[in-house]
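A structural walkthrough
One-letter residues, chain by chain:
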Amino acid sequence: MGIIARQSIRGTIVTYMGVFVGFLTTFFVLTRFLTAEEIGLARVLIDVATLLCGLMQLGTSSSIIRFFPYFKPQEEDTEDHSKNGFFFWTIVVPFIGFLIFCLLYWALHVPISNLFAEKSQLFVDYYYLVLPLAFFMLYQTIFETNANVLMRIVMPRMTRELLLRLFLLADYLLYAFKIISLDGMVIGLCLSYGLAALCNIIYLFAYGHISLRPNFKFVNKSLAQKYFSYTVFQITAAVATVLTPFVSEAFITAQLGLTHTGVFSIAIYIAAMVSIPNRSLNAIANPQLAQATKESNIHGLGTLLKQVSNNSLLVGGLILTIIWINIDLIYTILPNGEQYAAAKYVVLMLGLTQLLLAAFNATLSVLNYSRYYYLSLFYSFILTGASLIFNNWLVPLWGIDGAAMANLLSYTIYFLLLVGSVRLLCQVSPLSWPQLRSVGLMLLVMAVSGIIDYAFARIGAGAIYIWIASFIKSSIWLVAAYWAYSANLSPEISQLIRSKLHKKGIR
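What counts as what
- Residues numbered from 1 in each chain as written.
- Predicted model: local features only at pLDDT ≥ 70, side-chain atom pairs only at ≥ 80, totals over all residues.
- Heavy atoms only, no water.
- Axes fitted to C-alpha atoms, helices over the stretch in contact; angles between N-to-C directions.
- Helix = DSSP H or I, 4+ residues; strand = E, 2+ residues; numbered from the N terminus.
- Parallel < 35°, antiparallel > 145°, perpendicular 65-115°, else oblique.
- Contact = heavy atoms within 4.5 Å.
- Left-handed = near helix turned anticlockwise from the far one by under 90°.
- Nonpolar A, V, L, I, M, F, W, Y, C, P; charged D, E, K, R; others polar.
- Polar contact = N/O pair within 3.5 Å; in protein donor to acceptor, adjacent residues only side chain to side chain.
- Salt bridge = Lys/Arg side-chain N within 4 Å of Asp/Glu carboxyl O.
- Buried < 20%, exposed > 50% of the residue type's maximum accessible area, 1.4 Å probe, protein only.
- Patch = residues over 30% accessible without salt bridge, like charges linked within 9 Å, V, L, I, M, F, W, Y side chains within 5 Å.
- Areas by Shrake-Rupley, 256 points an atom, 1.4 Å probe, with all protein chains shown as cover.
- Phe/Tyr/Trp six-rings, centres within 6.5 Å; stacked < 30°, edge-to-face > 60°.

1. Observations concerning the packing of helix α13 (residues 298-325) against helix α21 (residues 491-503)
Close contact between α13 and α21 brings their axes to 9 Å; oriented N to C, the two are set at 70 degrees. In terms of orientation, α13 and α21 fall into the roughly perpendicular class. Residues Gln307, Asn310, Asn311 and Val315 of α13 pack against Pro491, Glu492 and Ile493 of α21.

Take a look at the structure:
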C-alpha cells in the first residue's frame with residue numbers, strides 16, 4: 001500500500017491544483033460570461049464525445065490493466081517494457097474502434113438530430129465536431145492508462161486535471177472577450193483535448209520502455225484467445241457502462257433543453273469534487289488489484305480492497321460534507337447564482353452518487369479482473385436499464401431533481417448487487433466497521449449544520465447570515481476532520497499525515 005499511498009497523494013495534489021483551475025473556470029468564467037445554454041452545449045458535446053470514446057476503445061483501457069502482467073518482462077529485465085509489443089496493440093485496437101463508430105455516428109445523424117432539434121438545436125448544429133473531440137479523448141485516455149500500468153500517474157494526471165483545464169480556460173476566455181466566435185470556442189474545445197493527448201504521448205516516449213514496434217511472435221494462440229474473448233466482453237459491457245452517465249443529461253437536453261442542461265452541469269462540477277481523491281487512488285491501485293487477482297492472493301486482495309474503499313469513503317465523505325454545509329454560500333458567491341441555485345438538491349444527490357462510486361468502484365475492478373468478469377456485463381445492463389426507467393419516470397415529474405434522484409437510485413441498486421456478488425464469489429468485500437464510523441461522522445456534522453441553518457433562518461435572511469453560519473459550520477467540520485485523523489478512521493491516511501508532520505518537526 002506504500003507506493004499506492006505515495007503515488008495517489010501526489011496525484012491528488014496535482015488533481016486539486018486542477019480543481020482550483022476548474023473552480024476559477026466554473027465560478028468566475030463559465031457562469032459569468034457564458035449563458036446556461038452555452039454551458040449546456042459544451043457539456044453535451046463533451047459527454048457525447050466521452051460516450052463515443054468509451055465505445056471506440058473496444059475495451060482497451062481495461063485490457064491494458066488486465067493483460068499488462070502477461071506482457072510484463074521477467075524479473076531480471078523489469079525496466080524494459082517495450083520489447084513485447086504491448087504498446088503497439090494498445091494503439092491499433094482503439095483506432096479500429098474509432099473507424100467503426102465514426103461510421104455508426106454518421107449513419108445515426110438524422111434520428112439523433114430529430115430527437116434533439118426541438119429543445120437543443122445548438123447541439124444539432126455542432127453534431128459532427130463530436131468526432132474529432134472523441135478521437136483526442138480516446139488517445140488521451142489510452143496514453144494515460146499506459147502510464148498508469150507503468151506506475152507513472154502524476155504527469156498524466158497533471159495533463160488531465162491541470163493542463164487540460166488550463167487549455168479549456170484559455171478557450172473560454174477567448175470566447176468571453178469576443179476574440180473568437182462560438183464556432184471558434186467549440187473548435188478550441190476539440191484542440192484542448194488534442195493538446196492533452198499530445199502531452200501524454202510525449203511523456204510516454206520521454207519516459208521510455210515503450211515502442212510502436214509490434215512483436216507478433218510474443219502473442220501466442222492462448223494469449224490471443226484470452227484477449228479476444230475479454231475484448232468482446234468489454235465491447236458489450238461498454239455499451240451499458242458508458243451509456244449510464246449520459247442518460248440523465250440526454251433526457252434533460254431532449255425534454256427540457258440546453259439551459260437546464262447547463263444548470264445541471266454546474267451541479268455536476270460541484271459534486272464531482274467528492275470523487276477526485278479516488279481517481280488517483282484507483283489509478284494506482286487497479287494494477288495492484290489485477291496482480292493480486294492473477295496470483296489468487298485472496299488475503300492481499302481483500303486487505304487492499306478494504307483499504308481503498310475505506311480511504312475513499314472517508315475522504316469523499318468529508319468533501320461531500322463540507323460542500324453540502326456550505327452549499328448556500330457557494331451559490332451566493334457564484335455569478336448568476338440565483339439561476340443555478342435551482343440545482344441545490346441536485347448537488348446533494350449527485351454528491352452521494354459520487355460517494356458510492358468512490359467507495360465501491362474498486363469492487364468493480366476486482367470483479368473485472370476475476371474469472372467472474374462476465375457478471376459485470378449483466379450488472380451494467382441492470383444499471384443502464386434502471387437509469388433509463390428512473391429518468392423516464394422522474395425527469396418529467398421533478399425535472400433536474402428527478403434526474404439526480406434517478407442517478408442515485410440506479411447506482412445504489414447496482415452497487416448492492418456488485419458488492420454482494422464479489423463477497424459471495426471472490427470471498428472479498430470492501431465493507432468494514434470503520435466505514436460505519438465515517439458515515440456516522442458525516443451524518444452527525446450534517447445534522448448539527450442543519451440545526452445551525454434552522455437557527456439562522458429564524459433570525460433572518462441575507463448574505464451576512466450565510467457567511468456567519470458557514471464559518472460556524474466549517475469550524476465544526478474541521479473539528480470532525482481532526483477527530484477522524486486522531487481516531488485513525490483511516491490508519492493509512494493518519495500514518496501518512498503523521499510521517500509528513502514528523503519530517504517537518506511537528507508532533
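2. Examining the packing of helix α2 (residues 36-56) against helix α9 (residues 182-207)
Two elements in contact, α2 and α9, have axes whose closest approach is 12 Å; the angle formed by their N-to-C orientations is 35 degrees. Considering how the two elements wind past one another, α2 and α9 form a crossing that is right-handed. Across from Leu41, Ala42, Leu45 and Ile46 in α2, the residues of α9 making contact are Leu182, Val186, Leu189 and Tyr193. Here the residues of the contact of α2 with α9 are counted per class, giving 8 nonpolar, no polar and no charged.

3. Points about the side chain of serine 490
When you line up the elements, serine 490 lands in the loop between α20 (463-486) and α21. Within the structure, serine 490 has its side chain in polar contact with the side chain of asparagine 311 (distance 2.4 Å). Those residues within four positions of serine 490 in sequence are excluded, and the remaining contacts are Asn310, Asn311 and Leu314.

4. As for the pattern of salt bridges
Under the counting rule described, the total for this entry stands at 7 salt bridges. Ionic pairing is found between arginine 160 and glutamate 144, a salt bridge with its closest N-O pair at 2.6 Å. Here arginine 160 is found in helix α8 (residues 154-176), whereas its partner glutamate 144 is found in helix α7 (residues 130-149), with 16 residues between them in sequence. With a closest N to O distance of 2.7 Å, lysine 473 and aspartate 453 form a salt bridge. Separated by 20 residues along the polypeptide, lysine 473 in helix α20 and aspartate 453 in helix α19 (residues 433-459) bring together distant segments of the chain. On the accessibility criterion, lysine 473 (3% relative accessible area) is buried. Judged by relative accessible area, which is 29%, aspartate 453 ranks as partly exposed. Where salt bridges share partners, they join Arg43, Asp47 and Glu249 into one cluster.

5. Here's the deal with a nonpolar patch on the surface
Taken together, the side chains of Phe20, Phe23, Leu24, Phe28, Ile333 and Trp467 define a hydrophobic patch exposed on the protein surface, amounting to about 550 Å² of accessible area. Per element, the largest residue contribution to the nonpolar patch is 4 residues, and it comes from helix α1 (residues 2-33). Locating phenylalanine 28 in the fold gives a position in helix α1.

6. Comments concerning the packing of aromatic side chains
Enumeration over the complete set of coordinates arrives at 20 aromatic pairs. Between the aromatic rings of tyrosine 411 and tyrosine 414, the centroid separation amounts to 6.3 Å while the plane-to-plane angle is 85 degrees, which identifies the pairing as edge-to-face. You can see tyrosine 411 and its partner tyrosine 414 sitting in helix α18 (residues 400-425), 3 residues apart, about one turn around the helix. For the pair shown, tyrosine 411 and tyrosine 414 are each scored as buried. Seen from their ring centres, tyrosine 414 and phenylalanine 415 are 5.1 Å apart, and the 65 degrees between their planes marks the pair as edge-to-face.

7. Re the side chain of threonine 141
Turning to its location among the elements, threonine 141 is positioned in helix α7. The exposure class of threonine 141 is buried, given its relative accessible area of 17%.

Note that every value here comes from positions in space, so none of it alone points to a role or purpose.
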